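This is what each chain is made of:
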Amino acid sequence: MVEELLTAAIATGVGVVVYVGAAARVVKQYERGLVFRFGRLREQVRGPGFTTIVPFVERLRKVNMQIVTLPVPAQEGITRDNVTVRVDAVVYFKVVDPASAIVAVEDYRFAVSQMAQTSLRSIIGKSDLDDLLSNREMLNQGLELMIDSPAVGWGVQIDRVEIKDVSLPETMKRSMARQAEADRERRARVINADAELQASHKLAEAAEVMSEQPAALQLRLLHTIVAVAAEKNSTLVLPFPVELLRFLERSAPPPAAAPARKEPAPAGPASEGPGPAEVDPAFAPDALDGAPAPDALDGAADGLMLDAPAPEHERDGLRE
């Protein structure tokens, strides 16, 4: 009898241990437990710690309440200004309602991933290239709102959405590099022009001071010679003042006028005798007013008198 009682006690103890082992569950701090009894969700959500369920009647489903980092695969799309880009992002979300996350949607992770990809492609088509490159904060907020709107009914809260990288075609990269280079060159030229303007003002002021004190220009010349000589060059350059050149130009006598050249008179036919002498325009009567006539002009005048044409009545007699 004693043996039978001992055996029954041992069997009962083993059954209790097996039952407790099958019914005991441990829910971690970052998890919540949902109990399904015959497939029906119990309203009470089991908190972290030790809990028990009825074996073969109830089933415990644990839900992670931590923030989940979900990478969004790179999506290729065309921006509003017709530029093809590839954009990838990352989504941070967490479960705030375990019952809705398990009951309302089959797989909340997959659902959030697909919604993030669709929203990312949509935000690419609605944005310009400059917005994708410079206004990422605004695009992140818009993308977060687009994903969070349907995720509210899934018991999921979108914590943050970040666009990681924007890949551009190589031709677009080269065009943007040329644009940036041209912009920097433009700014460099503006800065150089501004520097030249300021330097011209300072040089004008220095010229006014040196014009009042001529010795200052000589001192400046000496300083320049000292600066050139300090380089240990074999050639010494001495600047020559421009004012001295102007002074020499004003003091130089004007060049003398070259004498006019007299051309001999061409000879006429042998039957008619020597032709009339041509007078150089330099010896026109207006040019010779008040000047004595040279001897060469006297001989030419005699020749002109000898070769004068015959009177009219003598030429008529010759014709008859």
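Scroll up a little and you will see the structure.
Residues numbered from 1 in each chain as written. Predicted model: local features only at pLDDT ≥ 70, side-chain atom pairs only at ≥ 80, totals over all residues. Heavy atoms only, no water.

Which residues make up the packing of aromatic side chains, and what values go with them?
For any pair of aromatic rings, the description consists of the separation of the ring centres together with the inter-plane angle of the planes. Per the stated rule, a full pass over the model turns up one aromatic pair. With 6.5 Å between their ring centres and 85° between their planes, F93 and Y108 make a pair best called edge-to-face. Pair noted here: F93 is in strand 7 (residues 84–95) and Y108 is in helix 3 (residues 108–126), with a separation of 15 residues, a long-range link. (Phe/Tyr/Trp six-rings, centres within 6.5 Å; stacked < 30°, edge-to-face > 60°. Helix = DSSP H or I, 4+ residues; strand = E, 2+ residues; numbered from the N terminus.)

Help me get a handle on helix 3, residues and values and all.
The first and last C-alpha atoms of helix 3 sit 27 Å apart over 19 residues, in line with the 27 Å expected at 1.5 Å per residue. Lining the buried residues of helix 3 we find strand 5 (58–64), strand 6 (68–78), strand 7, helix 2 (98–103), helix 5 (136–151) and strand 8 (156–167). Two or three places before R109, at the opening of helix 3, D107 has a side-chain oxygen 3.3 Å from that residue's backbone nitrogen. (Expected span 1.5 Å × (residues − 1). Contact = heavy atoms within 4.5 Å. Polar contact = N/O pair within 3.5 Å; in protein donor to acceptor, adjacent residues only side chain to side chain.)

With reference to specific residues and values, describe the pairing of strand 7.
A regular strand places its side chains on the two faces of the sheet in alternate fashion. Of the pairings in the sheet, the one linking strand 6 to strand 7 comprises nine bridges and is antiparallel in character. Within the sheet, the bridge partner assigned to Q75 lies in strand 7 and is V87. Linking two consecutive strands that pair antiparallel, namely strand 6 and strand 7, is a turn of five residues; a positive phi of about 60° is found at N82 within it. (Pairing = 2+ DSSP bridges.)

If you had to explain the nonpolar core to someone new, which residues and values would you point to?
In this structure, V85, V91, F93, V112, L120 and I158 are the most contacted members of the largest nonpolar core, which totals 36 residues. Mapped by element, the contributors of at least two residues to this core are strand 2 (31–37), strand 6, strand 7, helix 2, helix 3, helix 4 (129–134), helix 5 and strand 8. Per-element tally for this core: the top contributor is helix 3, with seven residues. (Core = buried A, V, L, I, M, F, W, Y, C linked by side-chain atoms within 4.5 Å. Buried < 20%, exposed > 50% of the residue type's maximum accessible area, 1.4 Å probe, protein only.)

Which residues make up the environment of A24, and what are the values?
Its place among the elements puts A24 in strand 1 (residues 24–27). With 26 residues separating them in the primary sequence, A24 and F50 have C-alpha atoms 7.2 Å apart. Look past the residues within four positions of A24 in its chain and what remains in contact with it is F50, T51 and T52.

Could you give me a rundown of unusual backbone geometry, with the residues and numbers involved?
Among all residues except glycine, the phi angle is most often negative; among peptide bonds, the trans geometry is most common. Its identity is not glycine, yet F38 carries a phi of approximately 55°, on the positive side. Among the secondary structure elements, F38 is positioned in the loop between strand 2 and strand 3 (40–46). Relative accessible area serves as the criterion here: at 70%, F38 is assigned to the exposed category. Phi is positive for F56, close to 65°, though the residue is something other than glycine.

Account for the packing of helix 3 against helix 5, naming residues and giving values.
To describe two helices that pack against each other, one gives the angle between their axes and the distance between the axes. Contact geometry for helix 3 and helix 5: axes closest at 9 Å, N-to-C directions at 140°. On the basis of their axis angle, the class for helix 3 and helix 5 is oblique. For the pair helix 3 and helix 5, the sense of crossing is right-handed. Of the residues in helix 5, those touching helix 3 at M115, A116, S119, L120, S122 and I123 are L139, L143, M146, I147 and P150. Its residues placed into classes, the contact of helix 3 with helix 5 shows nine nonpolar, two polar and no charged. (Axes fitted to C-alpha atoms, helices over the stretch in contact; angles between N-to-C directions. Parallel < 35°, antiparallel > 145°, perpendicular 65-115°, else oblique. Left-handed = near helix turned anticlockwise from the far one by under 90°. Nonpolar A, V, L, I, M, F, W, Y, C, P; charged D, E, K, R; others polar.)

Go over the sheet that holds strand 7 with me, naming the residues and quoting the values.
The strand order 6-7-8 describes an open sheet built from three strands, whose pairing is antiparallel. The strands lining the two open edges of the sheet, one partner per strand, are strand 6 and strand 8. Ignoring strand direction, the axes of neighbouring strands in this sheet form an average angle of 25°. Of the strands in this sheet, strand 7 and strand 8 are in contact with helix 5, which crosses strand 8 at around 140°.

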